[in-house]
Amino acid sequence: DIELVTRVMAWVGFVCYLFQASVRFYVGRITHKQIVWHSFAVSVVNLIFFMVLGVAASYEHEWSWKADPIAAVVLVFVMVGESTRILVQHPTDVSVQMRFNSQL
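Now for a look at the structure at hand.

## With respect to the packing of aromatic side chains
Ring pairs (aromatic) are described by centroid distance and by the angle formed between their planes.
And step 1. Inspection of the entire model under this criterion finds five aromatic pairs.
And step 2. Ring centres 5.6 Å apart and planes at 80 degrees place the aromatic pair phenylalanine 25 and tryptophan 37 in the edge-to-face group. Placement of the pair is phenylalanine 25 in helix H1 (residues 2-31) and tryptophan 37 in helix H2 (residues 34-58), with a sequence separation of twelve residues.
And step 3. Seen from their ring centres, phenylalanine 25 and phenylalanine 40 are 5.6 Å apart, and the 50 degrees between their planes marks the pair as tilted. Taken together, the residues phenylalanine 25 in helix H1 and phenylalanine 40 in helix H2 connect sequence positions 15 residues apart.
And step 4. In this structure an aromatic cluster arises from ring pairing among Phe25, Trp37 and Phe40.

Shown next as structure tokens:
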């Protein structure tokens, strides 16, 4: 049954990314490293996407097939914004950043 497999995979993915985001949040609070916070943002985006997939798979209605592509498009724009922010914050070479920025 494809609906059951989709629902199980979406919610298992949600739980996995919930755990991963929680660990990255905790580690980010302790270490204050920017790279951990960037990875936390990626985990949150994936967490939201899996949540939308899980809700859409759990409630098979006429609107549910539209939720996945809409969520994907919105989250792509969120990730483009996050990527742009990272590039603006770190305009120099990576080796220069690693040598002079202890917060990475």
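After presenting the structure, the write-up continues.
## Structural notes on unusual backbone geometry
And step 1. Not every positive phi belongs to a glycine, and histidine 32 is a case in point at roughly 60 degrees.
And step 2. Within the secondary structure, histidine 32 is located in the loop between H1 and H2.

## Notes on helix H3 (residues 64-89)
And step 1. In this model H3 runs 38 Å from its N-terminal to its C-terminal C-alpha over 26 residues, within 8% of the 38 Å that 1.5 Å per residue would give.
And step 2. Taken as a whole, H3 has its buried residues at Ser64, Ala67, Ala71, Leu75 and Glu82.
And step 3. The secondary structure elements touched by the buried residues of H3 are H2.

## Re the pattern of salt bridges
And step 1. Considering all chains together, one arrives at one salt bridge under this definition.
And step 2. Notably, a salt bridge pairs glutamate 82 with arginine 85, separated by 2.9 Å at the nearest N-O pair. You can see glutamate 82 and its partner arginine 85 sitting in helix H3, three residues apart, about one turn around the helix.
And step 3. For glutamate 82, a relative accessible area of 14% translates into the label buried.

## Some remarks on a nonpolar patch on the surface
And step 1. A contiguous nonpolar surface patch, about 500 Å² in accessible area, is contributed by Phe19, Val23, Tyr26, Val27 and Ile30.
And step 2. Structurally, tyrosine 26 can be placed in helix H1.

## Considerations on the packing of H2 against H3
And step 1. It is the contact of H2 with H3, at a shortest axis distance of 9 Å, that shows an interaxial angle of 175 degrees. By the angle between their directions, the pair H2 and H3 is classed as roughly antiparallel. For the pair formed by H2 and H3, the contact residues are His38, Ala41, Val42, Val45, Ile48, Phe49, Val52, Leu53 and Ala56 on the first element and Ser64, Ala67, Asp68, Ala71, Ala72, Leu75, Val78, Met79, Glu82, Arg85, Ile86 and Gln89 on the second.
And step 2. Partitioning the contact of H2 with H3 into residue classes produces 15 nonpolar, three polar and three charged.

Reading guide: rules and limits
Residues numbered from 1 in each chain as written. Predicted model: local features only at pLDDT ≥ 70, side-chain atom pairs only at ≥ 80, totals over all residues. Heavy atoms only, no water. Phe/Tyr/Trp six-rings, centres within 6.5 Å; stacked < 30°, edge-to-face > 60°. Helix = DSSP H or I, 4+ residues; strand = E, 2+ residues; numbered from the N terminus. Expected span 1.5 Å × (residues − 1). Buried < 20%, exposed > 50% of the residue type's maximum accessible area, 1.4 Å probe, protein only. Contact = heavy atoms within 4.5 Å. Salt bridge = Lys/Arg side-chain N within 4 Å of Asp/Glu carboxyl O. Patch = residues over 30% accessible without salt bridge, like charges linked within 9 Å, V, L, I, M, F, W, Y side chains within 5 Å. Areas by Shrake-Rupley, 256 points an atom, 1.4 Å probe, with all protein chains shown as cover. Axes fitted to C-alpha atoms, helices over the stretch in contact; angles between N-to-C directions. Parallel < 35°, antiparallel > 145°, perpendicular 65-115°, else oblique. Nonpolar A, V, L, I, M, F, W, Y, C, P; charged D, E, K, R; others polar.

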